[in-house]
Amino acid sequence: MRYYPNIPDLNVNSSINLLLRRAKENRTVEIEEYITTGGYSALKKALTKFTPEDIVVLVEESTLRGRGGAGFPTGRKWRFALSNPPPRYLICNADESEPGTFKDRIIIERDPHLLIEGMAIAGYALGAELGFIYIRGEYPAGAKILEDAIEDARKKGYLGKNILGTDFSFDILVYRGAGAYICGEETALIESLEGKRGHPRLRPPYPANYGLFGKPTVVNNVETLSNIPIIVTYESYYMNIGSSGYYGPKLFPISGKVNKPGVYEATMDITLRDLIDMAGGIRDGKKFKAVFAGALGVYSERDLDTPMDYSPKGFGGTGTTIVLAEDDCIIDSLIVIAEFFEHESCGKCTPCRVGTYEQLNILRKFQNGTATEEDIKLLEHLGRNIPVGSICGLGYSASNAIMDALKKFRDEFYEHINGNCPAGVCFKND
Amino acid sequence: MEFIYLTEEIKQQIDRYVEKFPLKDQAIIQSLHLIYSKYRDIEDVHMKELSEYLQVPLNVIEGIVSFYDMFRVKRGARHHIRVCKNLPCHIMGCKNLLKMFEKLTGEKANQYSKNGRFYIETVECIGSCSIAPAFMIDDDLYEGLNITEEKLNEILSKYT
């Protein structure tokens, strides 16, 4: 019996049973069970029936988009890397550390072979011989589970030299990060994977041209790669899952003031309202106030009927949904988010390093009652300038939450200037 | 050079990493994890030995240690309590949980451990938002909602 660190049940639910088919219970699916439930048949099918080019075309046609937040079409990313000569590398980004995101760990800890199968197929399509899984340092159990699963897969001949008797060879190495949010950014991840400090690189050149060890590299999220076996299995039927243009299953990690927080699998045409209903509605019968979503956009009651897809109006991103009820304060929440960005800024770009610090200080003034209308203008100024002065996604999204809140909950800022917190959270002396 | 802190076991593991990864530098962070899980702090002596063993300049290793949060902070304790303070845990009441920990262990959050048993650290999202407020003790993850002092004491007593 293998020993893994304690993981409580994180509550997983699915109505469509694709990504989370085997992952509903709080245990790790071993390789035997994975195979008897149809596992590795997609890899077999890919290696025997398809050429690498066929798989790239399948992924392109599936309209699969990166599930890590940016939503870049996966097929196009692969195509860029394929235009460069080998050796190519495949990296699985398992460094999910965005506030409120905990979907990838479900796949890693409960159904690791789904990810391994997806990586093997992706490796075949990309002509890569080596793949890495960069897993965040805070998931020690996940790293152990993956290493054991990879070892099992090697023994059964699904990884390693001449997989399933073909001339395709592929292996995966697990690499642990050490607690830096910035390493979820693909170029910073590559730097960290090369054994350096995780500073993002200036782009271009993009990783597809100059990535790991200077070679063409594809960096994909765990959930993206776990979609690959499903695409290969279902082929054109994949386009029946979900709404037009945004096909496929999506994991939604819901947390905050809902009755049953957890990871829910659904198609992307689901609206925010349905998603909250799926999670059992707002806790204690309170009223809904706001949602902090992927890359921390803030959404109010007016956005409840927006679909969770990648359209400009939709939520897109990681699917993260942090629900706030009427007794939570927007300013208080923004301070927590600002603290996060101030702490996690790597310090490479001055506008991000200093801007996130100033942003936090200004927000704190709202909480202790020394803010003026001038401070709102300063926040807007920072919100416009931090993104344009930064080179990576952290800087781009550092003021998203504040800018959105200034649009949708502007009155709360004025209330705080007048020394009044509508939710009754701030101005308490304890 | 004789290695005092890098035990045979750790050295074997490091050798395996060096062999496995295409680039020697890739073994640094993984080796630091080994040292961290054994000694629970990365001190100068550890870095010197690792630099000697891997034949990597000390400044490179120090650069890495000072960048990554898990290695940077000096804690001085056998067990690390990581209490998540990000938004989902914040609105579910991680401050109360933190107070309970401070009361039960006698340590202050984010301060060098006084008696060498526990170090309490407030960390950013540990990816367990559905069981918010979540906390980790060493490698184990726990749920903090509706937790009582009694239950918490029971959990803490497992870590001596």
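This structure is a prediction, so every number in the text was calculated from the model and none was measured.

Criteria and thresholds
Residues numbered from 1 in each chain as written. Chains lettered and ligands numbered in written order. Predicted model: local features only at pLDDT ≥ 70, side-chain atom pairs only at ≥ 80, totals over all residues. Heavy atoms only, no water. Contact = heavy atoms within 4.5 Å. Buried area = accessible area lost by both parts, 1.4 Å probe. Salt bridge = Lys/Arg side-chain N within 4 Å of Asp/Glu carboxyl O. Helix = DSSP H or I, 4+ residues; strand = E, 2+ residues; numbered from the N terminus. Nonpolar A, V, L, I, M, F, W, Y, C, P; charged D, E, K, R; others polar. Axes fitted to C-alpha atoms, helices over the stretch in contact; angles between N-to-C directions. Parallel < 35°, antiparallel > 145°, perpendicular 65-115°, else oblique. Left-handed = near helix turned anticlockwise from the far one by under 90°. Phe/Tyr/Trp six-rings, centres within 6.5 Å; stacked < 30°, edge-to-face > 60°. Buried < 20%, exposed > 50% of the residue type's maximum accessible area, 1.4 Å probe, protein only. Pairing = 2+ DSSP bridges. Polar contact = N/O pair within 3.5 Å; in protein donor to acceptor, adjacent residues only side chain to side chain. pLDDT = per-residue confidence, 0-100.

1. Notes on the interface of chain B and chain A
And step 1. Contacts between the two partners involve 42 residues from chain B and, on the opposite side, 63 residues from chain A.
And step 2. Here chain B meets chain A over a buried area of about 4,100 Å², counting both sides, of which 60% is carbon and sulfur.
And step 3. Across the chain B-chain A interface, the total number found is two salt bridges.
And step 4. Close ionic contact of Glu147 of chain A with Lys20 of chain B constitutes a salt bridge, the shortest N to O distance being 3.9 Å.
And step 5. Those elements that provide at least two residues to the side of chain B that touches chain A are α2 (27-39), α4 (58-67), α5 (69-72), α6 (87-91) and β4 (140-143) of chain B.
And step 6. Looking at the side of chain B that touches chain A residue by residue, the class counts come to 22 nonpolar, ten polar and ten charged.

2. Description of the packing of helix α12 (residues 350-368) of chain A against helix α13 (residues 373-388) of chain A
Packed helices, taken two at a time, are described by the angle their axes make and the gap between the axes.
Residue and element names in this part refer to chain A.
And step 1. α13 packs onto α12 with a crossing angle of 155 degrees between their chain directions and a minimal axis gap of 10 Å. One finds that α12 runs roughly antiparallel with respect to α13. Like other packed secondary-structure pairs, α12 and α13 cross with a definite hand, here left-handed. Contacts from Pro351, Cys352, Gly355, Thr356, Glu358, Gln359, Ile362, Leu363, Lys365 and Phe366 in α12 reach Asp375, Ile376, Leu378, Leu379, Leu382, Asn385 and Ile386 in α13.
And step 2. Its residues assigned to classes, the contact of α12 with α13 comprises ten nonpolar, four polar and three charged.

3. Looking at the packing of aromatic side chains
And step 1. In total, this model carries 22 aromatic pairs over all chains according to the counting rule given.
And step 2. With a centroid separation of 6.3 Å and 15 degrees between ring planes, the pair formed by Phe132 of chain A and Phe21 of chain B is classed as stacked. Residue Phe132 of chain A is found in strand β3 (residues 128-135), and its partner Phe21 of chain B is found in the loop between α1 (8-20) and α2; the two belong to separate chains. We note that Phe132 of chain A, like Phe21 of chain B, is buried.

4. A look at helix α8 (residues 186-193) of chain A
Along an α-helix, a turn takes 3.6 residues, which lines up residues three or four apart on a common side.
And step 1. Among the eight residues that make up α8 of chain A, eight are buried, leaving the element largely enclosed by the rest of the structure.
And step 2. Turning to α8 of chain A, its buried residues are Glu186, Thr187, Ala188, Leu189, Ile190, Glu191, Ser192 and Leu193 of chain A.
And step 3. Looking at the buried positions of α8 of chain A, the neighbouring elements they touch are α4 (74-82), β2 (88-94), β3, β4 (171-176) and β5 (217-221) of chain A together with α2 of chain B.
And step 4. Looking at the residues trailing α8 of chain A, positive phi occurs at Gly195 of chain A, about 85 degrees.

5. Digging into α4 of chain B
And step 1. Here α4 of chain B has its buried residues at Ile61, Gly63, Ile64, Val65 and Phe67 of chain B.
And step 2. In this structure, the buried side of α4 of chain B is in contact with α2, α3 (44-54) and α5 of chain B.

6. A short note on the sheet that holds strand β1 (residues 12-14) of chain A
Note: strands within a sheet are paired through backbone hydrogen bonds, in either parallel or antiparallel orientation.
And step 1. In spatial order, the strands read β1-β7-β6-β10-β8-β9 (chain A); together these six strands make up an open sheet with mixed pairing. Pairing within the sheet leaves two strands with one partner each, and these edge strands are β1 and β9 (298-299) of chain A.

7. Here's the deal with the environment of Thr37 of chain A
Residue and element names in this part refer to chain A.
And step 1. Within the fold, Thr37 resides in the loop between α1 (31-36) and α2 (41-49).
And step 2. Looking at Thr37, the relative accessible area reads 30%, which means it is partly exposed.
And step 3. Separated by 15 residues in sequence, Thr37 and Arg22 have C-alpha atoms that sit 8.5 Å apart.
And step 4. Setting aside anything within four residues of it in sequence, one finds Thr37 in contact with Arg21 and Arg22.
And step 5. Here Arg22 takes part through its side chain, which lies 2.7 Å from a polar atom of the side chain of Thr37.
And step 6. A distance of 2.8 Å separates a polar atom in the side chain of Thr37 from the backbone oxygen of Glu33.

8. What to know about the confidence of the model for chain B
And step 1. Of the residues in chain B, 100% reach a pLDDT of 70 or more, and the chain-wide mean stands at 93.
And step 2. At the level of chain-chain contacts, confidence expressed as ipTM amounts to 0.95, with global pTM at 0.95.

9. Some thoughts on the pairing of β2 of chain A
Residue and element names in this part refer to chain A.
And step 1. Of all seven residues that make up β2, seven are buried, and the element is covered over most of its length.
And step 2. Burial along β2 is two-sided: the residues Arg88, Leu90, Cys92 and Ala94 and Tyr89, Ile91 and Asn93 are all buried.
And step 3. Here seven bridges tie β2 to β3, and the two strands are oriented parallel to one another. Across the sheet, the residue bridging to Asn93 is Tyr134, located in β3.

10. Quick word on the environment of Ala371 of chain A
And step 1. Here Ala371 of chain A shows up in the loop between α12 and α13.
And step 2. As a C-alpha pair, Ala371 of chain A and Phe413 of chain A span 42 residues in sequence and 9.1 Å in three-dimensional space.

11. What about the pattern of salt bridges?
And step 1. Inspection of the entire model under this criterion finds 41 salt bridges over all chains.
And step 2. With a closest N to O distance of 3.3 Å, Lys286 of chain A and Asp327 of chain A form a salt bridge. In this pair, Lys286 of chain A is assigned in the loop between α10 (272-278) and β8 (288-293) and Asp327 of chain A in the loop between β10 (321-325) and α11 (330-344), connecting sequence segments 41 residues apart.
And step 3. Residue classification places Asp327 of chain A among the partly exposed positions, given a relative accessible area of 29%.
And step 4. As a salt-bridge pair, Asp69 of chain B and Arg72 of chain B come within 3.0 Å of each other at their nearest N and O atoms. With Asp69 of chain B and Arg72 of chain B both in helix α5 and three residues apart, this pair spans about one turn of that helix.
And step 5. Overall, the relative accessible area of 37% leaves Arg72 of chain B in the partly exposed class.
And step 6. Several salt bridges converge on common partners, so that one network encompasses Arg67, Lys103, Asp104, Glu223 and Lys250 of chain A.

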